[in-house]
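Notes for the structure review
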Amino acid sequence: MKVLLFGPQNAGKTSLMKTTCSGYNFMKVINLKPTKGISRENFIFRGIIELNVWDAGGQEIYLKRYFSENQREFVFSEVTAAIFMADSSVIEQKIREIFDKFLENIFEFSPNLDKVYVLLNKIDLEDSDEDALFELLSKDINQEIREKIMFTPVSVKEGSAQHRLIEILDYEIQKSTLSLQRLGRIRHLLDQFKLNTLSEYLLFNIPDGLIIASTLGKFESKPLEFMKFEIGTLDSNMYQIYKKIMEIMNMPNVSPLDLSAIIYESENSYILIKEVQNKAVLMAVTRNKKQDVFLSVIQTLNGEKFKNLESFFKEEFSK
Ligand SMILES: Nc1nc2c(ncn2[C@@H]2O[C@H](COP(=O)(O)OP(=O)(O)OP(=O)(O)O)[C@@H](O)[C@H]2O)c(=O)[nH]1
Ligand SMILES: [Mg+2]
């Protein structure tokens, strides 16, 4: 699924992409260099769809190229989600000109688009004027086109831009049969986990930290502060200690310890967390702390059903 991030230089496009899809926090994007030409990156969003994000550097020389006869089609065709981003503290006629050319090309080469999203970014800045930017970009636009454009004031710094992007992508997923099929299969696998274990299961996507599915039905969680959901970053000394213990116990064939499972404990529950193929994280929450419940979850996480979930992620996204 091609996602086109377009707009004038310094708007925050790369910051938005990095903080939403790669788990960067805002501090990490403060010193980003201008993007040279188009940077294309693939991400798996919410564990069910491959995004091919085209982040188009917005400096004049590049814009000129995108709009040129021999690049127009390449840049603007086959777009599934079109996003135009601008800096709300820069109100210049030039921005409108870029926007007009963008609209013209996007509707020419991706005529099936039913929406174009405009993000008026950096509203956290003292001198931002999103109303003026909205005015500049929306006045005198052809009615038919105007109905397809959705404006949203946002801030990458404060997180609202990322929330908006997630909303946009979720909306696009709803229209993708493949995504819905994958989601159906994942839900089915989770329901299988649940059988006879008196526990609930939740599955999270590692790169963006978003929930993929759960046995609790509709479960919304905030994105995890735009952090990757990785558990392998625990103390690496663990392996050294484990190896030593195995030596002392005379069990020299240590299988490599991958820090891929954790157990938490509360007064009423065990919470078991296990990584799936470096792509997702499965979380099990027991309904009580009885021994057999704990054991059944442990068995499930080490059995056939877990292998099925692993195969799903291995096969679906290996192409
Ligand atoms: N205050 C504030 N700064 C932001 C926000 N979003 C991005 N920035 C900053 O704006 C600068 C430019 O961000 P980039 O993401 O590189 O902008 P870009 O649109 O990719 O720029 P080009 O690649 O040149 O087209 C960076 O220093 C960001 O930290 C925001 O919401 N608020
Ligand atoms: Mg950039």
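Residues numbered from 1 in each chain as written. Chains lettered and ligands numbered in written order. Predicted model: local features only at pLDDT ≥ 70, side-chain atom pairs only at ≥ 80, totals over all residues.

Moving on to the domain arrangement of the chain. How large an interface is tends to be reported as the accessible area lost when its parts come together. Annotation of the chain at the domain level lists domain 1 (2-173) and domain 2 (180-316). On a C-alpha basis, the centres of domain 1 and domain 2 stand 36 Å from each other. Facing 15 residues of domain 1, the contacting portion of domain 2 comprises 15 residues. When contributions to the side of domain 1 that touches domain 2 are tallied by element, the ones reaching two or more residues are helix 1 (13-21), strand 2 (38-45) and helix 7 (160-173). (Domains from an automatic or database assignment. Contact = placed C-beta atoms within 7 Å. Helix = DSSP H or I, 4+ residues; strand = E, 2+ residues; numbered from the N terminus.)

Below, the discussion takes up helix 8 (residues 177-194). In this model, helix 8 (18 residues) spans 26 Å end to end at C-alpha, consistent with the 26 Å of a helix rising 1.5 Å per residue. Along helix 8, the positions that sit buried rather than exposed are Ser179, Arg182, Ile186, Leu190 and Phe193. What you see down the axis of helix 8 is that its buried residues fit within an arc of 75°, all on one side. For helix 8, the exposed residues lying more than 90 degrees away from the buried face are Thr177, Gln181, Gly184, His188 and Asp191. Structurally, helix 8 contributes buried residues whose contacts are with strand 3 (49-56), helix 7, strand 7 (199-205), strand 8 (211-214), helix 10 (291-301) and helix 11 (304-316). (Expected span 1.5 Å × (residues − 1). Buried ≥ 20, exposed ≤ 12 C-beta atoms within 10 Å, placed from the backbone. Arc of directions from axis to C-beta.)

What follows deals with the pairing of strand 10 (residues 270-276). One ladder, built from five bridges, connects strand 9 (residues 261-265) with strand 10; its direction is antiparallel. For isoleucine 262, the partnering residue across the bridge sits in strand 10 and is isoleucine 273. Adjacent in sequence and paired antiparallel, strand 9 and strand 10 are bridged by four residues. As judged from the six bridges shared by strand 10 and strand 11 (residues 280-286), these two strands associate in the antiparallel manner. Note that in strand 11 the partner of isoleucine 271 across the bridge is valine 285. Count of turn residues in the strand 10/strand 11 antiparallel hairpin: three residues, of which glutamine 277 carries a positive phi of about 55°. (Pairing = 2+ DSSP bridges.)

Moving on, we get to the nonpolar core. Formed by 66 residues in total, the largest nonpolar core has its most connected members in Leu5, Ile83, Phe84 and Leu203. Here the element with the most residues in this core is strand 4 (residues 81-87); it accounts for six residues. Here this core gathers at least three residues from each of two domains, domain 1 (2-173) and domain 2 (180-316). Filtering out sequence-adjacent residues up to four positions away, leucine 5 remains in contact with Lys13, Leu16, Met17, Val53, Trp54, Asp55, Ala56, Ile83 and Met85. (Core = buried A, V, L, I, M, F, W, Y, C linked by C-beta atoms within 7 Å.)

This brings us to the sheet that holds strand 9. Spatially, the five strands line up as an open sheet ordered 8-7-11-10-9, and their pairing is antiparallel. The open sheet is flanked by strand 8 and strand 9, the only strands paired with a single partner. The mean angle between the axes of side-by-side strands here comes to 20°, regardless of whether they run parallel or antiparallel. Helix 10 contacts strand 7, strand 10 and strand 11 of the sheet and is inclined by roughly 160° relative to strand 11. (Axes fitted to C-alpha atoms, helices over the stretch in contact; angles between N-to-C directions.)

This paragraph deals with the sheet that holds strand 1 (residues 2-6). Whenever strands of a sheet pair, they do so through backbone hydrogen bonds, lying parallel or antiparallel. Pairing within the open sheet is mixed, and its six strands lie in the order 2-3-1-4-5-6. Looking at the sheet topology across the chains shown, the edges are occupied by strand 2 and strand 6 (149-153). Neighbouring strand axes in the sheet, compared pairwise and without regard to direction, differ in orientation by 20° on average. Two elements, strand 4 and strand 5 (residues 116-121), share six bridges in a ladder whose sense is parallel. Each residue of the ladder has a partner; that of methionine 85, found in strand 5, is leucine 119. The sheet contacts of helix 5 (residues 130-138) involve strand 4, strand 5 and strand 6, and relative to strand 5 the element is tilted by about 145°. The sheet contacts of helix 7 involve strand 2, strand 3, strand 4, strand 5 and strand 6, and relative to strand 5 the element is tilted by about 175°.

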